[in-house]
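For reference, the chains in residue letters:
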Amino acid sequence: MGAKWVCCRQPMRVPLSDIETTQEQLEETFTSFAKRKDIAIILINQHIADDIRGILDEYSAAFPTVLEIPSKDHPYDPSKDSVLKRVQLLFGE
């Protein structure tokens, strides 16, 4: 099935990932969202973010901001969160 899009207002707006989504599809989807000027925040489950960690670690734009969130099946690990890592660098931790 690959990346899907779902939204309550406009169908086909928010991509969802499933077992068949390839790393290339995840990278392409993230890159396309990161380039858009009409998006302020990109929410991504942390276990999905792990699949494209290299791209996320290199991403430095302020907008859209990328927030890693836990999923109900995968616990949140703050040591992997790219935003939290940047904040810790700013504060010298």
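Above: the structure in question.
Along each chain, the written sequence defines residue order, and numbers are assigned to residues from 1. This being a predicted model, a pLDDT of at least 70 is required before a residue's local features are given, and a value of 80 or more before pairs of side-chain atoms are given or counted; all residues contribute to the totals for chains, interfaces and linings. Heavy atoms throughout the structure, all of them, feed into the side-chain values; hydrogens and water do not.

## A word on the side chain of Arg 53
Position of Arg 53 among the secondary structure elements: in helix α3 (residues 53–58). Judged by relative accessible area, Arg 53 falls into the buried class, the value being 14%. Polar contacts involving the side chain of Arg 53 include one to the main-chain carbonyl oxygen of Lys 80, which spans 3.0 Å. Throughout, a contact is declared for two residues whenever any of their heavy atoms are within 4.5 Å. If we skip the residues at most four places from it in the chain, Arg 53 touches Gln 46, Glu 68, Lys 80 and Ser 82. Here a strand is any run of E in DSSP of at least two residues, a helix any run of H or I of at least four, and the numbering for each starts at the N terminus. Only protein chains enter the accessibility calculation, which uses a 1.4 Å probe; a residue is then buried when its area is under 20% of its type maximum, exposed when over 50%, and partly exposed in between. The term polar contact refers here to a pair of N or O atoms within 3.5 Å; inside protein, the definition further demands a hydrogen-donor-capable atom paired with an acceptor-capable atom, and it admits residues adjacent in sequence only when both atoms are side-chain atoms.

## Some thoughts on the pairing of strand β3 (residues 41–45)
Across the two faces of β3 the burial differs, with Ile 42 and Ile 44 buried and Ile 41, Leu 43 and Asn 45 not buried at all. In short, DSSP must find at least two bridges between two strands for them to pair. Here β3 pairs with strand β4 (residues 65–69) via five bridges, running parallel. Residue pairing across strands places Ile 41 opposite Thr 65, the latter belonging to β4.

## As for the nonpolar core
For this analysis, a nonpolar core means a set of buried residues of the types Ala, Val, Leu, Ile, Met, Phe, Trp, Tyr and Cys, connected via side-chain atoms within 4.5 Å. By size, the foremost hydrophobic cluster in this structure holds 13 residues, and its most contacted members are Phe 30, Ile 42, Ile 44, Ile 52, Leu 56, Tyr 59 and Val 66. Sorting the residues of this core by element identifies α1 (23–35), β3 and α2 (46–49) as the ones contributing at least two each. Of all the elements, α1 adds the most residues to this core, at four residues.

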